[in-house]
Each structure stands twice: as C-alpha cells, then as structure tokens.
Amino acid sequence: MSGSKEKDKFDNKTVQWINDRLPIFSMMNNEYGKFQTPKNFNYFWNFGAIAMIMLMIMIITGVFMAMNYVPSTTEAFASIQHTTREVNYGWLLRYMHMNGASFFFIAVYIHLFRGLYYGSYKKPRELVWIFGVVLLLLMMATAFLGYTLPWSQMSGWGATVITSLFSAIPLVGGGIVTWLWGGFSVGQPTLNRFYAFHFLLPFIICAVVFIHVWALHVSGSNNPAGVEPKSDKDTVPFHPYYTAKDSFGTVVFMTIYFAVVFFAPLLLANPDHFKPFNHLQTPPEIVPEWYFLPFYAMLRSFTVGIKIFGHTLITAKQQGVAAMFGSILILFFVPWLDKSPVKSARYRPVFKWALRLLVLNMVMLTYAGGLPAIGKALVMGRIGAAYYYFFFLVLLPYLGKREKTLPLPESISADFTARHGHGCCATVKKALVPFTLGLGLALAPHAAHAADTPPLPNLHWPEQGIFGHYDKAALQRGFQVYKEVCSNCHSMKYVYYRNLEAIGYTKEQIKALAASYQITDGPDENGQMYQRPGKPTDHLKSPFPNPETARAALNGALPPDMSNLVNAREGGPNYVYAILTGYVPAPKDFHVMAGHMYNEYFPGHQIAMPQPLVAGQVQFQDGTPNTLDNEARSVAEFLDWASNPHMEQRKRLGIKVILFMLVFAGVLLATKRKVWSDVT
Amino acid sequence: MDPAVKKGATRRDFLYLTAGAMGAVGAGCAAWPLIDSMNPAADTLAAGSTEVDISKVEVGSALTAVWRGSPLFIRHRTPAEIKSVRDMDWKSLRDPQPDEARTLKAEWIIIKGVCTHLGCIPLGQKPGDPRGEFNGWFCPCHGSQYDVSGRIRKGPAPLNMFVPPYKFVSDTVVHVGSGHDFPNPGF
Ligand code: FES
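Because the structure is a prediction, the values reported are computed rather than measured.

What counts as what
- Residues numbered from 1 in each chain as written.
- Chains lettered and ligands numbered in written order.
- Predicted model: local features only at pLDDT ≥ 70, side-chain atom pairs only at ≥ 80, totals over all residues.
- Heavy atoms only, no water.
- Helix = DSSP H or I, 4+ residues; strand = E, 2+ residues; numbered from the N terminus.
- Rg over C-alpha atoms; globule rule 2.2 N^0.38 Å.
- Buried < 20%, exposed > 50% of the residue type's maximum accessible area, 1.4 Å probe, protein only.
- Contact = heavy atoms within 4.5 Å.
- Lys, Arg positive; Asp, Glu negative; His and termini not counted.
- Charge placed at Lys NZ, Arg CZ, Asp CG, Glu CD.
- Disulfide = S-S within 2.5 Å.
- Buried area = accessible area lost by both parts, 1.4 Å probe.
- Salt bridge = Lys/Arg side-chain N within 4 Å of Asp/Glu carboxyl O.
- Polar contact = N/O pair within 3.5 Å; in protein donor to acceptor, adjacent residues only side chain to side chain.
- Nonpolar A, V, L, I, M, F, W, Y, C, P; charged D, E, K, R; others polar.
- Expected span 1.5 Å × (residues − 1).
- Pairing = 2+ DSSP bridges.
- Axes fitted to C-alpha atoms, helices over the stretch in contact; angles between N-to-C directions.
- Phe/Tyr/Trp six-rings, centres within 6.5 Å; stacked < 30°, edge-to-face > 60°.
- Lys NZ or Arg CZ within 6 Å of the ring centre and 35° of its normal.
- Core = buried A, V, L, I, M, F, W, Y, C linked by side-chain atoms within 4.5 Å.
- pLDDT = per-residue confidence, 0-100.
- Parallel < 35°, antiparallel > 145°, perpendicular 65-115°, else oblique.
- Left-handed = near helix turned anticlockwise from the far one by under 90°.

Observations regarding the overall build of chain B
1) Next: The helix and strand inventory of chain B stands at three helices and nine strands.
2) Next: N-terminal to C-terminal, the α/β element order of chain B is α-α-β-β-β-α-β-β-β-β-β-β.
3) Next: Taking 16 Å as the expected radius of gyration for a compact globule of 187 residues, we find that chain B reaches 26 Å, considerably beyond that expectation.
4) Next: Among the 187 residues that make up chain B, the fraction classed as buried is 41%.
5) Next: Sequence-distant contacts, at least 24 apart, represent 53% of the contacts inside chain B between residues at least 6 apart.
6) Next: Here chain B contributes 21 positively and 19 negatively charged side chains, and the mean placements of these two sets differ by 6 Å.

In structure tokens:
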C-alpha cells in the first residue's frame, strides 16, 4: 500500500529478498509500526481487535466442524451428535463454535456502541462506519445460517420464520420465499444452500474487514476525546503500544469466553436446539439466539394493520418486518442524521444520556424478545421500538443542531495528561454493567418454566460445579434402571455399548452385555437380513425398528430418544427427576384425556407416558435401597452422563486453560505497562 | 475540430457503449441460470397431490395429513362450529371471506396448516391443544388466532390460512392437490 519508490532496508536477508519483490514487510511496517494512533484510547478500543480474533476462531473451528458435518436432513443432526461425542475434541470444536458466535456478537456490539458513543462515524470516517454496518449485516446472516445447520427444532423453525419474513414483500414475496427454500417448505435444498452460504460468507466478511481497516488507516482512528491529532505529541505508533494493549484485552476477553466454553457451554443454548427438526410440529415457543432478541421483539410488536377506507394498506406483518430490517438499515444513515460538530459523547451531556437510555432500551427489548408474545412482552416491544426510532430519527438530528456541548480539550495530549492513570477503566466498567445485565435478562425467560407447573426440585448432583464429577456407582444404577425400564420404549441411538466403559464396566462385562441382545443386520450375500448377537460397537438396542412401529405399538405416542434428553429439556436432570416423581392423582376438576396420565411437572399436565417407575421396581445390584427417589435420581444422573459424556474431561481441561490464560493475561499486563511507561 | 476526427470519436463512443451494454446484458443473462437453479427442482414440483381417507375423523375432531411437505389440517366441524363461522359479519374481517368460499362441504374444513405470518404450524389439531379465542387454531410463535374456518381473527398474521385445491373422490376420501380451486386472495 505504500507508494514510495525508495526501498525499505531490513537486517534479515530473507526478509529483504522477499520485500524487494513483494513489499509486504514495508506494508506491515507502515500500517502498524509507523501508523500513528491517538495515545488516549480507553479499553473500548480493544474490541475491534477482539472481534477480529473471534472471526479467526470462528473460521478455524468452523472448518474443522465442516470436516465432520453432513448437510442432509436425515444425517445433519446425527453428524453433530457424532462430532460432539465421538470425534477427538469434537465437543471442544462445537462448544467453541457455538459460544464463539455469542462472544463474537458481544465484541461487535460493544465495538458498535463505542462507535456511537465517541462519534466514530463522523467525518472523515463515514465509510469506515458504513462498511462496519455491512459487516454487521453479513455477520447476522452468517449466524442465522449457521444456526440452521444442526437441523434441530430451533434450526428448522428459525429457518422457516426468518425466510418467511420475505413473504411480507408485496406481490413477489411468496415467490422469493419458495426460491429461498428451493421447495414448498424448509427442506433438503434449503439445508444444502444454507450450508454453502454459511461456509462462503465468512470469507466475504474477511474481505470487508480488510476494506473496513483500510478505510480506517486512511482516516486514522478516532479517540475518546473526539478531537483529531494535531502534533506528534498526540500519538504513538500502533506497534508496540496498541499491540500490547490489544493483546492484553483480548486475552482477558478470551478468558471469559473459555470459562463459558468449558464450564457452562450450554448456558446460551435453547433446549429445543437438542431435538431433531420435526417439520410438522412447531415447538411451543420459538426464540432466536440472544443477539437477535431485540430485533425479534420489534418484529413481533406490531399486531394491527393500517387501514384506509376499510382496505388494509400495510399489514401488521409488513410493519413488523419493516421495523426489524429498518432498525439495522437506519445505522447506515447515522453519519448524516447526526450533524453535531462534537464527536465524543463526553462533551455532549444530553446525547450521552439519550444513548445510555438506548442501551437500556436494547436490554429491555432483549428481555421482551425472549418472552412469549403476549401481554407485557408486546407492550415492552412497542415502547422499545418507539424509543429506538425516536432516538435515531428525532433525537440525533435534533441534538446535533440544538445541544449545548461542553468545551473540548485543546488536544489529545492535554486530554491524556488530564486523565492519565484514571478514568479509562471506569468508563468500561460502567458500561459493562448494562451489557452483563442484558445477557442475564436475555437468559431469564429461558429459566422460566411453563407457568402452570410448580418450580422444579433443585437437587444436588455430584457432577455439578467446576470440580464436580459423576458418581460411577449411581451411573451404573441409572443404567440398570434404563435397561430394565426405560429401554422398553425409549431408544438411545447415540450411545454405544463400548461407551459404558466410561461408567465403570469392564470390556468383558460389556461384551457379554452386548451379546445378550439380538441385533438385525444385513443384508447377507443372499440378500437376507439376519439376526446376530450384539457387539460392543453397536449402539444400545432400540426397542422399535422405526418411529412408525413405535407409534403403532404405543397408541400414537412417540417416546423421544434419550441420548440427548437432559440437554433437550429445560432444567436438565432436575426435570427428569421431577417427571419421574411427578405422578400424582389429578385434581378433582381436571379432565384427563383417554390414554394420558396426570403429571404435576409436565407442561399441560397430560402425559402419554404411564408412570414408569415405582418404589421397589428395580433390584439394584449394589444393594442400594430401591426407593422411587433413588431410582429416579440415578437414572437422571445416567441420562446426564449420556447427554454430556465428556463433561469431566471438559472441566479438567478447562481448569488448565483458565489458569494458563490468567497467567498469560498477567504477563501481557506487565508487558503493556512496560511498553507504556515512557508515554507521558 | 476536424469533422473526420469528430466522426471517429462518436463512432468510438458508440462502440464503447455498445460493447459495455452487451457485456452487462451477457452477465445478467448468465446470472439467471444460477438464480433459477435455486427454485424448486422438477421432482419437488412433481410431488403435488395426495389422497386422504377421512372416514375415521369423528365430528368435532381433526386429522393432520401431509401435503407438499406441509401439514394439511382436516377438521370435521360440529353444527355449532359451522354456525359460528357462517352466521357472522365476515365483511369486517381482516382478510374478508365467507366460510362458503373456503369449503366444499360445510362439515369439512381443509386447509394448509401453515400460519400466514411467518410459517409456523398452529396448534389446535390435537385434543388438549390451545385453540385460541375463536376455537380454531392458535399459532404458538407470535400468537395469531384463527377461527374454525381458518380465517385470521387476531394477532400479526395478515391472511387466512391457505385452502388447497381439492375434491371429494367419495364421501370418505378427499383428493388434495387438484380439483376445486379456491380463491386465496393474497397468495
Ligand atoms: S408464525 Fe404464526 S404468529 Fe408468527
């Protein structure tokens, strides 16, 4: 990118040789070594670099996920299970990728807030901002596409709802939706193309990131004071000053990310994401990932069409869709909506509060978006959408003209001296509160359970906590309950006999156990199917050869596969325990349908499964008293293990990783301090 | 300027423009096969019709069949339900249609069970499902409510649920996918 003809000199001969032919080292030197950067950045300025690192993590983990993924409506769900359970470190790839998306959005949302707060979109950085919004859109599209790939209930229905947004377009809308699907509903063609685009878009994102950064390097960075550099005293070279600071910030951010990946990987995941897609049944509540909730809340908050002379001019659906897409598109115009000559909110007393209110507003919308679409969620959605548009369309232009701003510091170095040693971190700390709050609130509705059931019992599980591990004796008892009771109706097709070694059975015991089942195999050389004794490499034998047989035998009901059950239910093992112990006589005025039982904890109370466990049903081999409580507890723990077989390995590795990251962060902090010690 | 030179310049401009335009048209045409390849394939289009046996659907209950990858709601309506959707001022509805224009026989309502808001499957087919205020169907996604004619009555959906073309082959068998074409304004 340097146009100068004089050759840069390097000490290393190889570097020199390469640079004479391809001046890549000159470019790095100019763009980072010499690139002058305001010296008063606070930690908000870390998040661009952090977002870039997250992008790299997503691409790398994504490519390795792709090596195990099968984009087929019948195989996709199983291939993700296979990745998580069988592939070496597959669980790590998946949890890093899943949670990586969330942390990528956290970084980008903070980065975006930084831009708004300090006026980084203003002249001469309009294009930097615009390409930033393009990146946001691309990221949202990529995240949505990726969410559909596991082909879970959330995947399929999320895909249906989001693609159907386009049906709001007058006349051609229906055709566009069919075109997007490649059929009359979300199906195989949809999955294939979504996979192709999910793989393609990140590389387009990389290209746009390049443009975004290029434009930034032309105009130079903004800074918290919002005044442009006037002399050399105002700036420091990007390297080593900001490479040191960014590295420190990145490692701190990654530590938090890893804490979630290793200790709470399903914190942000919806249980319906662990049930395979059923295209004939929508789950009772569908919600997008937390980072889309505010926009989703706006989408849902319109329920009345606009009528003129009895003709519906704009339907409620069109209003909702317009409000949702508009909320992002409006960001493109921010540089022209806000004409204030002062950049930084620090010197704009009213704007500052209006913007903070906008952040709170987004938190409220996030919360509302996660609630069922009735009553207070709709009211909050409407208020939230109203303030959002009021802020951008009215407040920004108005304040830009009328606001009485505070006097600006005369230069960056004056600002730096005035604030040196304090202030910078305080800003970030203050800002972190709403973001954490937002995340917490976004999760709150998930934790809420159906209103008509009592709260789940909160039992103590030995596998809980950072140091918790499974109780092998309980797992074996649980397996016994599964084998003698549950397995009469429920399959566990992702668990193999050989996996039972992890819960303490010997190879010989497993061989004998597997051999005690007859498995259908074939066809043999005569084209016949035949029966053979099971092998340790078979999955636990399913009670029915296919769902149709199960339905026919069980009065229309289809017992879910249990391999993943604990992850697929809100409340996990507590839920399993609650259902197993929740069979009580129905209240007098409650009408229970034929073929159903009353269960306190089941949503709607009518459960098709007859009471599976009673006290004394299973004779435990280890002599544990066979109370209902013991039976239910041990099978719930067994199912937790079946859903999360790598939990112990995950936590053990997690502790090492976190310790490493903390020490790394310490070293980087010391480095950063040392580098900065000569800046005054 | 020398007219000959000028003439040459005009011709050059003309050629530039023509070449540029042809390039653009060519690129546009080349894009079409790519775009059209994403539309439903021939086999998807061919899987069009299905026959459903409705003899076992008792009055007041429902059956869900599959048509073109979507659920097909078939409901055997009670006299009270028929009355509720016929004796009313349908002209004031959001998507005004009389029940008569959506059914062949008053007892049977047959619709594509896809919410016209954003494509979820409404509840109300199974006993015990919520059916909303109008005793028809209730969409769990964003709360749209339909009456026993599948007409939108409340919530964000803009249109009545789609009535597919069908005909009664006999009293107990319907053929869905061709037959009587219903007006489905808005689709
Ligand atoms: S999809 Fe039915 S209400 Fe939104």
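Comments concerning the state of the cysteines
Here, the word disulfide means a covalent bond between the sulfur atoms of two cysteines.
1) Next: The tally for this structure, following the rule as stated, stands at one disulfide over all chains.
2) Next: The partner cysteine of B:Cys120 in its disulfide is B:Cys141, sulfur to sulfur 2.0 Å. Taking the sign of the S-S torsion, about -85° here, the bridge from B:Cys120 to B:Cys141 comes out left-handed. Of this pair, B:Cys120 sits in the loop between β4 (108-112) and β5 (135-138) while B:Cys141 sits in the loop between β5 and β6 (145-147), and the two are 21 residues apart along the sequence. One exposure class covers both B:Cys120 and B:Cys141, and it is buried.
3) Next: Lacking any disulfide linkage, A:Cys489 is separated from the closest cysteine sulfur, that of A:Cys486, by 9.2 Å.
4) Next: What makes A:Cys489 partly exposed here is its relative accessible area of 30%.

So, the interface of chain A and chain B
1) Next: Contacts between chain A and chain B engage 33 residues on the former and 30 residues on the latter.
2) Next: Carbon and sulfur atoms supply 64% of the area buried between chain A and chain B, which totals about 2,600 Å² over both sides.
3) Next: Its largest share of buried area at the contact with chain B, chain A owes to A:Trp179, A:Phe184 and A:Lys317, together 27% of the area lost on that side.
4) Next: Across the contact surface, chain A and chain B share zero salt bridges.
5) Next: Our count for the contact surface shared by chain A and chain B stands at nine residue pairs in polar contact (both at pLDDT 80 or more).
6) Next: Secondary-structure elements contributing two or more residues to the side of chain A that touches chain B are α7 (153-164), α8 (173-181), α9 (188-219), α11 (293-300) and α12 (316-329) of chain A.
7) Next: When residues in the side of chain A that touches chain B are grouped by element, the largest group, four residues, is from α7(A).
8) Next: Residue composition of the side of chain A that touches chain B, grouped by class: 16 nonpolar, 13 polar and four charged.

Brief notes about the side chain of A:Arg348
1) Next: Topologically, A:Arg348 is positioned in the loop between α13 (334-337) and α14 (349-370).
2) Next: In contact with A:Arg348, other than residues within four places in its own chain, are A:Lys122, A:Asp338, A:Ser340, A:Val342, A:Lys343, A:Leu399, A:Gly400, A:Glu403 and A:Thr405.

Points about α9(A)
1) Next: Spanning 32 residues, α9(A) covers 47 Å between terminal C-alpha atoms, matching the ideal 46 Å at 1.5 Å per step.
2) Next: Positioned one or two residues after α9(A), A:Gly220 has a phi angle of 85°, which is positive.

Quick word on unusual backbone geometry
Residues apart from glycine generally show negative phi values, whereas peptide bonds are mostly found in trans.
Residues and elements named next belong to chain A.
1) Next: Here the bond from Lys123 into Pro124 is cis, since omega is 5°, no more than 30 degrees from zero.
2) Next: Note on placement: Pro124 falls in the loop between α5 (90-117) and α6 (126-148).
3) Next: Between Gly522 and the following residue, Pro523, the backbone shows a cis peptide bond with an omega angle of 0°.
4) Next: Its identity as a non-glycine residue notwithstanding, Trp151 has a phi of 55°, on the positive side.

Section: the sheet that holds β4(B)
All names here are of chain B.
1) Next: Ordered by their spatial adjacency, three strands build an open sheet running β2-β3-β4, and the pairing between neighbours is antiparallel. Since the sheet does not close on itself, it has two edges, and those belong to β2 (62-67) and β4, each with one partner. For this sheet, the mean inter-axis angle between neighbouring strands, taken without regard to orientation, is 20°.
2) Next: Judged from the six bridges that link them, β2 and strand β3 (residues 70-76) form a sheet pairing that is antiparallel. Directly across from Trp67, in β3, lies its bridge partner Ser70.

Comments concerning the side chain of B:Arg151
Residues and elements named next belong to chain B.
1) Next: Locating Arg151 in the fold gives a position in the loop between β6 and β7 (152-154).
2) Next: Reaching out from Arg151, the side chain makes a polar contact with the backbone oxygen of Val85 at a distance of 2.9 Å.
3) Next: For Arg151, the contacting residues outside a window of four places in its chain are Val85, Met88, Trp90, Leu93, Gln97, Pro98, Asp99, Arg102, Gln145, Tyr146 and Asn160.

Considerations on the packing of aromatic side chains
Residues and elements named next belong to chain A.
1) Next: Considering all chains together, one arrives at 52 aromatic pairs over all chains under this definition.
2) Next: Their ring planes at 35° and their centres at 5.5 Å tell us that Phe113 and Tyr117 sit as a pair that is tilted. Linking Phe113 with Tyr117, this pair stays in helix α5, spanning four residues, or about one helical turn. Both residues of the pair, Phe113 and Tyr117, count as buried.
3) Next: The aromatic ring of Trp353 is capped on one face by Arg356, whose charged end is 4.8 Å from the ring centroid.

Observations regarding the nonpolar core
All names here are of chain A.
1) Next: Core analysis: the biggest nonpolar cluster contains 166 residues, and Phe105, Tyr257, Phe258, Phe391 and Phe392 have the highest contact counts within it.
2) Next: Tallying contributions element by element places α5 first for this core, with 18 residues.
3) Next: For Phe105, the residues in contact, after removing those within four places along its chain, are Met139, Met140, Ala143, Trp290, Tyr291 and Phe292.
4) Next: In terms of nonpolar packing, the next biggest core, distinct from the first, is built from 36 residues, Leu613, Val618, Phe638 and Ala642 among them.

A few points about the confidence of the model for chain B
1) Next: Mean pLDDT for chain B: 88, with 95% of residues reaching 70 or above.
2) Next: The ipTM value of the predicted complex is 0.78, and its pTM value is 0.90.

Here's the deal with the packing of helix α18 (residues 472-484) of chain A against helix α22 (residues 628-643) of chain A
Residue and element names in this part refer to chain A.
1) Next: The interhelical angle for the contact between α18 and α22, taken along N-to-C directions, is 100°, at an axis separation of 7 Å. The orientation of α18 relative to α22 falls into the category roughly perpendicular. The segment α18 lies against α22, with Ala474, Leu475, Arg477, Gly478, Phe479, Val481 and Tyr482 engaging Glu631, Ser634, Val635, Glu637, Phe638 and Trp641.
2) Next: For the contact of α18 with α22, the class distribution of residues is eight nonpolar, two polar and three charged.

As for the packing of helix α3 (residues 47-66) of chain A against α5(A)
All names here are of chain A.
1) Next: The geometry of α3 relative to α5 is characterised by a closest axis approach of 9 Å and an angle of 155° between their N-to-C directions. Between α3 and α5, the crossing angle belongs to the class labelled roughly antiparallel. For the pair α3 and α5, the sense of crossing is left-handed. Touching Phe47, Gly48, Ile50, Ala51, Met54, Leu55, Ile57, Met58, Thr61, Gly62, Phe64 and Met65 of α3 are Leu93, Arg94, Met96, His97, Gly100, Ala101, Phe103, Phe104, Ala107, Val108, Ile110 and His111, all from α5.
2) Next: Split by residue class, the contact of α3 with α5 holds 17 nonpolar, six polar and one charged.

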